[in-house]
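Below, each chain spelled out in residue letters.
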Amino acid sequence: MRSLFGGSNVDRLQEQEVLPVDVAPAMDVAGAGKQQMGGWRKRNGGVKRQGKKKHIDQELGNVAVLVSLGRSGTSFMSRMLGEVLPGSLFQEFFVLAMEKNAEGRGANLKNLEDVENPAERMLEELRFMRSLRPSRNFFVGGKWKPWVQNDKFRDAVAMVAQRKWPVVLSTRNFLDRFISANRHYNHKDVPFNCIKGSANEKECLEKQRTKVYLNPNRVLQVLEQDTQKMRTMKQWLDEAGATYTITSYESWAFGPVQRRQREIQRVVDFICQDLPNKRHVNASLLENPFFTKGSSKSQPERVLNYVTIMDALQDTKYEILLHRGDSPRDDYQEKLLNYSKP
């Protein structure tokens, strides 16, 4: 049986995410179309509905897709959506199926180049999830991360657009992502996050004191690759006329509860645009210790050679990614990616 993640139980087992070390070179996507987002378009800094297009898949029912790079917080986001949309399933699109072990964990594809038909694989995973949730009132969805910048994955974006699935394009501070990836690969015993008020918070915080070393000669290359990949995905979505909105992990996980609540509610409204009844994001949910980041570490507390990394990024466009607090800014979206704030 396959292992499943997401859904309405915040105590479910944590998912293993794998970020490929080698990132494929970006495709030339010059001449991308205008920013036409299916049945939605940017207007006055927000997203405005156009016409009465329906976004409920005739075969699969309610579908939603989360697109991001690996180590960008989609497990956190999918669990949050699972609380707001009870009974829904959000699974990795490109994870190998395996026998469920005692920990309920699966294995990730190591080489996405081996995926012959990404679009068909996405459909296969969604059909499997729909078989587990036959009621079309439940959402089935996928976490799409990462992707290879080739025609096969570009065609998969076109398929998503053709079927009018709502897409949530999410980003995370690229330097924080790089730190998280290094920790994931080199310090597997260190937990991703410590849950505030939990029984093992003290032990968790002790483990999180482990700092990672970042290669200063590689950091700029990685940040540039991340920037290019996210720009390319947005161009693909625009070219295909996909229905999508943009958000960030920072806006879901950090900052005042009311501000987080507004952003999550906006994304939920976008996903549920064709449902008759509104789904409400309660502030009490965001105050749940599972969804708070009170025990998170700032960059200097996580990076052994942080001063060297600061020197490497100083006076570059990536200097904006440096932060010493526990509430990182997300204006990198506009300044690095030319994303308009919703």
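Above this text you will find the structure in question.
Residues numbered from 1 in each chain as written. Predicted model: local features only at pLDDT ≥ 70, side-chain atom pairs only at ≥ 80, totals over all residues. Heavy atoms only, no water.

**A look at the packing of helix α3 (residues 151-162) against helix α6 (residues 219-240)**
Thought 1: Interhelical geometry of α3 versus α6 gives an angle of 45° and a closest axis separation of 9 Å. The angle between α3 and α6 falls in the class oblique. You can see that α3 and α6 cross each other, and the crossing is right-handed. Along the contact surface, α3 presents Phe153, Arg154, Val157, Ala158 and Ala161, while α6 presents Met233, Trp236, Leu237, Glu239 and Ala240.
Thought 2: Residues of the contact of α3 with α6, tallied by class, amount to eight nonpolar, no polar and two charged. (Axes fitted to C-alpha atoms, helices over the stretch in contact; angles between N-to-C directions. Helix = DSSP H or I, 4+ residues; strand = E, 2+ residues; numbered from the N terminus. Parallel < 35°, antiparallel > 145°, perpendicular 65-115°, else oblique. Left-handed = near helix turned anticlockwise from the far one by under 90°. Contact = heavy atoms within 4.5 Å. Nonpolar A, V, L, I, M, F, W, Y, C, P; charged D, E, K, R; others polar.)

**Regarding empty space enclosed by the protein**
Thought 1: If you walk through the whole model with that rule in mind, you get two cavities of 30 Å³ or more.
Thought 2: Approximately 60 Å³ is the volume found for the second largest cavity.
Thought 3: Lining the second largest cavity we find His55, Ile56, Asn62, Val63, Phe139, Pro166, Ile271, Cys272, Gln273, Asp274 and Leu275.
Thought 4: For the lining of the second largest cavity, the class distribution of residues is seven nonpolar, three polar and one charged. (1 Å grid on protein atoms, 1.4 Å probe; cavity = no way out; pocket = protein on both sides within 12 Å on 5 of 7 lines; lining within 4 Å. Points joined across faces, edges and corners; volume = space filled by probe spheres on them.)

**A short note on helix α5 (residues 201-208)**
Each full turn of the α-helix corresponds to 3.6 residues, which orients residues three or four apart in the same direction.
Thought 1: Along α5, the residues that are buried comprise Glu201, Cys204 and Gln208. Along the axis of α5, the buried positions cluster into a sector of 60°, meaning they face one direction only.
Thought 2: On its buried face, α5 sits against α4 (174-186). (Buried < 20%, exposed > 50% of the residue type's maximum accessible area, 1.4 Å probe, protein only. Arc of directions from axis to C-beta.)

**Observations concerning the pairing of strand β8 (residues 167-171)**
Thought 1: Within β8, five of the five residues are buried, leaving the element largely enclosed by the surrounding structure.
Thought 2: With three bridges connecting them, strand β3 (residues 63-67) and β8 associate as parallel partners. Bridge pairing in β8 links Val65 to Val167.
Thought 3: Here β8 runs beside strand β9 (residues 244-248); their pairing, made up of five bridges, is parallel. Across the sheet, the residue bridging to Val168 is Thr245, located in β9. (Pairing = 2+ DSSP bridges.)

**A closer look at the side chain of Asp226**
Thought 1: With respect to the helices and strands, Asp226 occurs in helix α6.
Thought 2: Apart from the residues lying within four places of it in its own chain, the contact partners of Asp226 are Leu69, Phe174 and Arg177.

**Thoughts on the pairing of β3**
Thought 1: Across the five residues of β3, five count as buried, placing the element largely inside the fold.
Thought 2: By the alternation rule, side chains of β3 split into Val63, Val65 and Val67 and Ala64 and Leu66, which are all buried.
Thought 3: Summarising the sheet, β3 and strand β7 (residues 140-144) pair through five bridges and their orientation is parallel. When the bridges of β7 are listed, Val65 appears paired with Gly142.

**Quick look at the nonpolar core**
Thought 1: Trp144, Trp165 and Leu175 are the most contacted members of the largest nonpolar core, which has 56 residues in total.
Thought 2: With seven residues, α6 is the single largest residue contributor to this core.
Thought 3: The contacts of Trp165, once residues within four sequence positions are left out, are Asp57, Leu60, Val63, Val65, Met122, Leu123, Leu126, Met159, Val160 and Thr243.
Thought 4: Within the second largest apolar cluster, 26 residues are counted, among which are Leu66, Tyr249, Ile271 and Leu286. (Core = buried A, V, L, I, M, F, W, Y, C linked by side-chain atoms within 4.5 Å.)

**Some details on helix α11 (residues 306-313)**
Thought 1: Every buried residue of α11 is accounted for by Tyr306, Ile309 and Leu313. Each buried residue of α11 sits inside an arc of 60° when the element is viewed along its axis, so together they form one side. Looking at α11, the residues exposed on the side facing more than 90 degrees away from the buried face are Val307 and Asp311.
Thought 2: Looking at the buried positions of α11, the neighbouring elements they touch are α4, α6 and α10 (299-302).

**Considerations on the sheet that holds β8**
Thought 1: The five strands are arranged β4-β7-β3-β8-β9 in an open sheet whose pairing can be described as parallel. Strand pairing shows two members of the sheet lacking a second neighbour, β4 (89-92) and β9, which therefore form its edges. Averaged over all adjacent pairs, the angle separating strand axes in this sheet is 25°, with direction ignored.
Thought 2: Examined bridge by bridge, β4 and β7 share four bridges and lie parallel to one another.

**Thoughts on the side chain of Gln149**
Thought 1: Topologically, Gln149 is positioned in the loop between β7 and α3.
Thought 2: In this structure Gln149 comes out as buried when scored by relative accessible area, which is 5%.
Thought 3: For Gln149, the side chain forms a polar contact with the side chain of Thr232, separated by 3.5 Å. (Polar contact = N/O pair within 3.5 Å; in protein donor to acceptor, adjacent residues only side chain to side chain.)

**What to know about the pattern of salt bridges**
Thought 1: Here the structure, examined in full by the defined rule, presents 13 salt bridges.
Thought 2: The salt bridge partner of Arg266 is Glu263, with a shortest N-O separation of 2.8 Å. A residue pair is termed a helical-turn pair when its members lie 3 or 4 positions apart in one helix, as Arg266 and Glu263 do in helix α8 (residues 257-271) at three residues.
Thought 3: Put simply, Asp269 and Lys278 hold a salt bridge, and the shortest N to O gap is 3.8 Å.
Thought 4: Under the relative-accessibility criterion, Asp269 is labelled partly exposed at 29%.
Thought 5: Through salt bridges with shared partners, a single ionic network connects Asp57, Glu59, Glu120, Arg127 and Arg163. (Salt bridge = Lys/Arg side-chain N within 4 Å of Asp/Glu carboxyl O.)

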